[in-house]
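Letter by letter, the chains look like this.
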Amino acid sequence: MRRVVFNQKGGVGKSTITSNLAAIAAYQGRRTLLVDLDRQGNSSRYLLGEAADAEQPGAAEFFETTLKFSVRNPKTSDFIIETPWENLHLMPASPLLDELHSKLESRYKIYKLREALVELGEDYDEIWIDTPPSLNFYTRSALIAAETCLIPFDCDEFARRALYELLDNVKEIQADHNAELEVEGIIVNQFQARAALPQRTVQALIDEGLPVLQPYLSASVKVKESHELARPMIHLDPRHKLTQEFVALYESLR
C-alpha cells in the first residue's frame, strides 16, 4: 500500500500525521517506509532527531540520479536509511530538493518516483509519502506514485475553502496520470471538541458527503514534546489519548 499525505496549506500537520501513522504501522510489525519529499525535512527530523543533519543518501540523491544515465544505476534501496525504530525505514529529505526542482520538471521526470516505489513493493508492506505544502513537481510525483491520498484538515473556514481546490487538483491527477488514485479520507487534526466552530466546520464537510475519517485527532501539547524529543507518540506515550486516536485512525485505514 502506497499512501500520500497531501495538503497545499502549510501548518496542517502533514509531517506529524505521516510520521505517527508510519510509526504505528512499523510498531505493529509492518515493514514500513516513509518517503520525505518536503525540503524542510520535518518528517526526517521527527524520526531521526539530530541525525537528520548528517550527510546521507535520500530523496534528493534519488531524483538526482534520474537526471543522469549510467550503465550501473544505483538501486532505490541505496537512498533509504534505517531509523531508530524497528521496521521503519526512511528516504530522508534535504534542501537539495529545491535546487533540483526546475531540472526535474523541465525534463519530465514525474513518473520516476512511482517506478521506484513499485520496485520496492516486495520490500515493504506500507509506503507513506510526506509532501511539501504546495502543488509542485514533488507533490505531483507523490500523487502519481500513490494508491491512496489522505488529506489533513485543521478545522477553520480558510482550510475548508482551500479543500475544494485541493480535491479538484487530485481529480486532475486522477484524470491525467493516475486513474487508480483514491481519496482515502480527510483527517481532522487539532480538533477541540468543546469549541463550537470546529464542530460546525467538520459537520459541514460531512453534510457535503466528503469522506471525513474517525476518530478526529485532538489538539495536544504532548505532540510538541514528541517533536522535541524526536519520538513518535507510540514510542513516547502509548497510553496517551492522542496516541490512541492515532492508533484507532490507523486501524480504520486497514
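Residues numbered from 1 in each chain as written. Predicted model: local features only at pLDDT ≥ 70, side-chain atom pairs only at ≥ 80, totals over all residues. Heavy atoms only, no water.

**Student:** Describe helix 1 (residues 14–27), listing the residues and the values that go with them.
**Tutor:** The end-to-end C-alpha distance of helix 1 is 20 Å, a good match for the 20 Å that 14 residues give at a rise of 1.5 Å each. The element helix 1 is extensively covered by neighbouring structure, given that 13 of its 14 residues are classed as buried. Looking one or two places after helix 1, you find Gly29, whose phi comes out positive at around 95°. (Helix = DSSP H or I, 4+ residues; strand = E, 2+ residues; numbered from the N terminus. Expected span 1.5 Å × (residues − 1). Buried < 20%, exposed > 50% of the residue type's maximum accessible area, 1.4 Å probe, protein only.)

**Student:** Any details on the pairing of strand 6 (residues 148–153)? Residues and values, ideally.
**Tutor:** Summarising burial for strand 6: six of the six residues are buried, a large majority. The alternating pattern of strand 6 places Thr148, Leu150 and Pro152 and Cys149, Ile151 and Phe153 on opposite faces, both of which are buried. Sheet analysis places strand 1 (residues 2–5) next to strand 6, joined by three bridges and oriented parallel. By the bridge assignment for strand 6, Arg3 is matched with Thr148. In terms of strand pairing, strand 6 meets strand 7 (residues 182–188) through six bridges, oriented parallel. Of the residues in strand 7, the one forming a bridge with Ile151 is Ile186. At this point the chain moves from strand 6, through helix 7 (residues 157–176), to the parallel strand 7, and the crossover so formed is right-handed. (Pairing = 2+ DSSP bridges. Right-handed = clockwise from strand over helix to strand, strands pointing away.)

**Student:** Pulling in residues and values, what's your account of the packing of helix 5 (residues 112–119) against helix 6 (residues 137–145)?
**Tutor:** Between helix 5 and helix 6, the least distance of the axes is 8 Å, while the angle of their chain directions is 40°. Our classification of the angle between helix 5 and helix 6 gives oblique. Judged by the twist between their axes, the crossing of helix 5 over helix 6 is right-handed. From helix 5, Leu113, Arg114 and Leu117 reach across to helix 6, where they touch Ser141, Ala142, Ile144 and Ala145. Tallied by class, the residues present in the contact of helix 5 with helix 6 amount to five nonpolar, one polar and one charged. (Axes fitted to C-alpha atoms, helices over the stretch in contact; angles between N-to-C directions. Parallel < 35°, antiparallel > 145°, perpendicular 65-115°, else oblique. Left-handed = near helix turned anticlockwise from the far one by under 90°. Contact = heavy atoms within 4.5 Å. Nonpolar A, V, L, I, M, F, W, Y, C, P; charged D, E, K, R; others polar.)

**Student:** Report on the pattern of salt bridges, specifying residues and quantitative values.
**Tutor:** Evaluation of the coordinates by the stated rule reveals 12 salt bridges. Between Arg45 and Asp53 there is a salt bridge, with the nearest N and O atoms lying 2.3 Å from each other. Residues joined in a network through salt bridges with shared partners are Arg3, Arg30, Glu126 and Glu184. (Salt bridge = Lys/Arg side-chain N within 4 Å of Asp/Glu carboxyl O.)

**Student:** Tell me what's going on with a negative patch on the surface, and back it up with residues and numbers.
**Tutor:** A surface patch of like charges, here negative, comprises Glu165, Asp168, Glu172 and Asp176. In this fold, Glu165 is placed in helix 7. (Patch = residues over 30% accessible without salt bridge, like charges linked within 9 Å, V, L, I, M, F, W, Y side chains within 5 Å. Areas by Shrake-Rupley, 256 points an atom, 1.4 Å probe, with all protein chains shown as cover. Lys, Arg positive; Asp, Glu negative; His and termini not counted. Charge placed at Lys NZ, Arg CZ, Asp CG, Glu CD.)

**Student:** Explain the layout of surface pockets to me, and be specific about the residues and the numbers.
**Tutor:** Space inside the largest pocket adds up to approximately 490 Å³. The wall of the largest pocket is formed by 23 residues, among which Gly13, Ser15, Thr16, Asn42 and His227 lie closest to the centre. Those elements giving two or more residues to the lining of the largest pocket turn out to be helix 1, helix 2 (42–48), helix 9 (222–229) and helix 11 (241–253). Considering each element in turn, the lining of the largest pocket owes the most residues, four residues, to helix 1. (1 Å grid on protein atoms, 1.4 Å probe; cavity = no way out; pocket = protein on both sides within 12 Å on 5 of 7 lines; lining within 4 Å. Points joined across faces, edges and corners; volume = space filled by probe spheres on them.)

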